[in-house]
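Descriptive analysis of the structure
These are the residues of each chain, in order.
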Protein chains: 2
Amino acid sequence: MRPSSDSGAPPSLQVLLWRRALDPHIGRWSLPGGRLRADEDVATSIRRQLAEKVDMRQLTHVEQLAVFSDPRRVPGPRVVATAFLGLVPSDVDPEVPEDTAWHPVDDLPRTAFDHESIVLGARDRLRAKLSYTNIGFALVPRDFTISLLREHYSATLGYRVSATNLQRVLSRRGLLVDTGRTAPSGRSGGRPATLYSFASHDVQITDPFAAFKPPGTGRERSS
Amino acid sequence: MRPSSDSGAPPSLQVLLWRRALDPHIGRWSLPGGRLRADEDVATSIRRQLAEKVDMRQLTHVEQLAVFSDPRRVPGPRVVATAFLGLVPSDVDPEVPEDTAWHPVDDLPRTAFDHESIVLGARDRLRAKLSYTNIGFALVPRDFTISLLREHYSATLGYRVSATNLQRVLSRRGLLVDTGRTAPSGRSGGRPATLYSFASHDVQITDPFAAFKPPGTGRERSS
DNA sequence: CCAAAAGTGTTATATATACACCCATGA
DNA sequence: TCATGGGTGTATATATAACACTTTTGG
């Protein structure tokens, strides 16, 4: 998945789908994937599939979602699938093969098998983690303006996030690093935006849940 | 897993382990489980395994955790395992077979394969969900006092939770139902404790994360 | 100098923790 | 009536949402 910034249309969260050429559900859109080899684990496998089949190598985050194992989830012999969430930053727009395309997650075409529910589950997981982890780093270029970050947060969450509060919350949590540089202002003027980057590119829980914390810690984080 | 209330020892979170009789890692403690049949999904399978092998049928919650698929995680041919978290309420103490026993999660014996990390991962998941969902219902009898609830929350989280605040937080979230009945006071007197039950026995997210909520909703929940 | 975009100051509100105090029971 | 455990009232801390206001640029 990745947040789109295609000019014109309102930005949205997109998923890369592959049009099936084989018979069960031929012609329908499906998630990229394939069989697990005996000498690889599932994470290695999904990275290999994406690289080989759709030339997708620039994943900023890969995370296991769930196992789908209903004996009737696909016609014929039962197939056990492990679903993954893989993120690609918005500035990466790789050449995708002819038979694949990015689709808005909130307006999916008819998909094969149970892939629609897998995609929606992945979206929900991503939305949740955007609130309590630093996973935003996986959606944007290394250096970015708060405006861009806001656009992609909004696209992913499905509603308009305030740039002011986004900046504040992420700063308070210590996720943002001021690079010292600025982006040039547009042709219509305006103050040049500071370029920020994320302090860490590993997923970390940055907003530990509030309730039932060990006594004495309150909700403080540092100092 | 279940929270223990064994008199004497400090209460703790326990996990049911089975002593291996077969050769790889013979004699070590391992998680109950077994092979997936062609006509069942993984959730059905784990319930069947628990019922057949350790006579454990009174699970109040079963939840998928993760797939473990490292080709070298067990000796010999690769085995892909789907780990589950299964909860048993504290008042259920089924007859477990000779070769199984409950062990404190924070003081595990030597385990087989990668089972220690699976157990610790399950514990962490349960601890997190205790904060932001109503999963506590799965740990206690249908009707319970706040004191009992506090004991099991404390055992599970690993630190002493305040009964006062536990009551308040869960009430505010609308999770607790006053049954109208009370538990008799102990031999040393004391005010009889109100018996509560959980409003729902399905896992629900009761504390949606704070940051980046749709505009206009603030953090309010009702009214 | 004006429009536009970025960023800061300030206030209101929600939720949780801490702790003092009151309540109901057995002996 | 006293010890014991159960339960409520109230103060405080902290985080976020909302919005007014200031800053910095292009034309």
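Scope of this entry: the structure provided in the associated data block. (Residues numbered from 1 in each chain as written. Chains lettered and ligands numbered in written order. Predicted model: local features only at pLDDT ≥ 70, side-chain atom pairs only at ≥ 80, totals over all residues. Heavy atoms only, no water.)

It is worth spelling out the overall build of chain A at this point. In terms of regular secondary structure, chain A is built from four helices and eight strands. Helices and strands appear in chain A in the N-to-C order β-β-β-α-β-β-β-α-α-α-β-β. Along the first, second and third principal axes, the C-alpha set of chain A runs to 60 × 55 × 30 Å. The buried share of chain A, reckoned over its 223 residues, is 43%. When contacts within chain A are restricted to residue pairs at least 6 apart in sequence, those whose partners lie at least 24 apart make up 58%. Just so you have it, chain A exposes about 11,700 Å², and 49% of that area is on carbon and sulfur atoms. Separation between the mean location of the 30 positive side-chain charges and that of the 25 negative ones in chain A comes to 5 Å. (Helix = DSSP H or I, 4+ residues; strand = E, 2+ residues; numbered from the N terminus. Buried < 20%, exposed > 50% of the residue type's maximum accessible area, 1.4 Å probe, protein only. Contact = heavy atoms within 4.5 Å. Areas by Shrake-Rupley, 256 points an atom, 1.4 Å probe, with all protein chains shown as cover. Lys, Arg positive; Asp, Glu negative; His and termini not counted. Charge placed at Lys NZ, Arg CZ, Asp CG, Glu CD.)

Residue and element names in this part refer to chain A. Relative to the helices and strands, Arg168 is located in helix H4 (residues 163-172). Classification of Arg168 by relative accessible area gives exposed; the value is 56%. Residues Arg168 and Val42, 126 residues apart in the sequence, show an inter-C-alpha distance of 38 Å.

Here we take up helix H1 (residues 42-54) of chain A. For H1 of chain A, with 13 residues, the first-to-last C-alpha span of 17 Å sits near the 18 Å given by 1.5 Å per residue. Residues of H1 of chain A that are buried: Val42, Ser45, Ile46, Arg48, Gln49, Leu50, Ala51 and Val54 of chain A. If you follow the buried residues of H1 of chain A, they end up packed against strand E2 (13-19), strand E4 (61-68), strand E5 (81-87) and strand E6 (100-104) of chain A together with strand E4 (61-68) of chain B. Measuring from the backbone nitrogen of Ala43 of chain A back to the side-chain oxygen at the start of H1 of chain A gives 3.2 Å, which picks out Asp41 of chain A as the cap. Positive backbone phi, approximately 60°, marks Asp55 of chain A, located one or two places after H1 of chain A. (Expected span 1.5 Å × (residues − 1). Polar contact = N/O pair within 3.5 Å; in protein donor to acceptor, adjacent residues only side chain to side chain.)

Once that is clear, we can look at the interface of chain A and chain B. Contacts between chain A and chain B engage 36 residues on the former and 36 residues on the latter. Between chain A and chain B lies a buried interface of about 2,600 Å² when both sides are counted; carbon and sulfur atoms form 65% of it. When the buried area of chain A at its contact with chain B is split by residue, Tyr159, Phe209 and Phe212 of chain A rank highest and sum to 28% of it. There are zero salt bridges connecting chain A and chain B. It is helix H2 (residues 115-132) of chain A that contributes the most residues to the side of chain A that touches chain B, four residues altogether. Of the residues in the side of chain A that touches chain B, the class split is 22 nonpolar, four polar and 10 charged. (Buried area = accessible area lost by both parts, 1.4 Å probe. Salt bridge = Lys/Arg side-chain N within 4 Å of Asp/Glu carboxyl O. Nonpolar A, V, L, I, M, F, W, Y, C, P; charged D, E, K, R; others polar.)

As a further point, take the pattern of salt bridges. Under the criterion given, the structure shown has 26 salt bridges over all chains. Residues Asp124 of chain A and Arg123 of chain A are paired through a salt bridge, measuring 3.1 Å at the closest nitrogen-oxygen approach. Its relative accessible area of 15% is what places Arg123 of chain A among the buried residues. In this structure, the salt-bridge partner of Arg181 of chain B is Asp143 of chain B, at a minimum N-O distance of 2.7 Å. With Arg181 of chain B in strand E7 (residues 176-183) and Asp143 of chain B in the loop between helix H2 (115-132) and helix H3 (146-157), this pair connects stretches of sequence that are 38 residues apart. One network of salt bridges, with partners in common, ties together Arg37, Glu40, Arg48 and Glu52 of chain A.

All names here are of chain B. The geometry of H3 relative to helix H4 (residues 163-172) is characterised by a closest axis approach of 9 Å and an angle of 100° between their N-to-C directions. Relative to H4, H3 is oriented roughly perpendicular. Counted together, Ile146, Leu149, Arg150 and Tyr153 of H3 and Ala163, Leu166, Gln167 and Leu170 of H4 form the full contact between these two elements. The residue makeup of the contact of H3 with H4, split by class, is six nonpolar, one polar and one charged. (Axes fitted to C-alpha atoms, helices over the stretch in contact; angles between N-to-C directions. Parallel < 35°, antiparallel > 145°, perpendicular 65-115°, else oblique.)

Here the focus is the packing of aromatic side chains. Within this structure, the stated rule accounts for two aromatic pairs over all chains. Between Phe144 of chain A and Phe198 of chain A, the ring centres sit 5.2 Å apart and the planes meet at 40°, which makes this aromatic pair tilted. Of the two residues, Phe144 of chain A is situated in the loop between H2 and helix H3 (146-157) and Phe198 of chain A in strand E8 (residues 193-198); the sequence distance between them amounts to 54 residues. Assessed through its relative accessible area of 1%, Phe144 of chain A is described here as buried. The side chain of Arg2 of chain B reaches across the aromatic face of Trp102 of chain B, ending 4.6 Å from its centre. (Phe/Tyr/Trp six-rings, centres within 6.5 Å; stacked < 30°, edge-to-face > 60°. Lys NZ or Arg CZ within 6 Å of the ring centre and 35° of its normal.)

Between chain A and chain B, which share one sequence, the superposing operator has a rotation angle of 180° and an axial displacement of 0.0 Å; the RMSD is 0.0 Å. Interpreted geometrically, this transformation is the action of a two-fold axis. The rotation axis passes nearest to the C-alpha of Ala66 of chain A in chain A, at a distance of 3.3 Å. Interface overlap between copies: 100% of the residues of chain A at the interface are likewise at the interface in chain B, consistent with a symmetric, same-surface contact. (Least-squares fit on C-alpha atoms with pLDDT ≥ 70 in both.)

Residue and element names in this part refer to chain A. Of note, His25 is a non-glycine position whose phi angle comes to about 60°, a positive value. Its place among the elements puts His25 in the loop between E2 and strand E3 (29-30). For His25, a relative accessible area of 26% corresponds to the partly exposed category.

This part is about the side chain of Ser90 of chain B. Residue and element names in this part refer to chain B. Looking at where Ser90 falls in the secondary structure, it is placed in the loop between strand E5 (81-87) and strand E6 (100-104). In this structure Ser90 comes out as buried when scored by relative accessible area, which is 10%. Those residues in contact with Ser90 that lie beyond four places of it in its chain are Arg2, Pro3, Ser5, Leu139, Val140, Pro141 and His152.

All names here are of chain B. Along the polypeptide, Arg28 turns up in the loop between strand E2 (13-19) and strand E3 (29-30). On a C-alpha basis, the gap between Arg28 and Trp18 in space is 8.2 Å, while along the polypeptide they are 10 residues apart. Beyond its immediate sequence surroundings of up to four residues, Arg28 is in contact with Trp18, Arg19, Arg20, Arg110, Thr111 and Ala112. At 3.3 Å, the side chain of Arg28 and the backbone oxygen of Thr111 are in polar contact.

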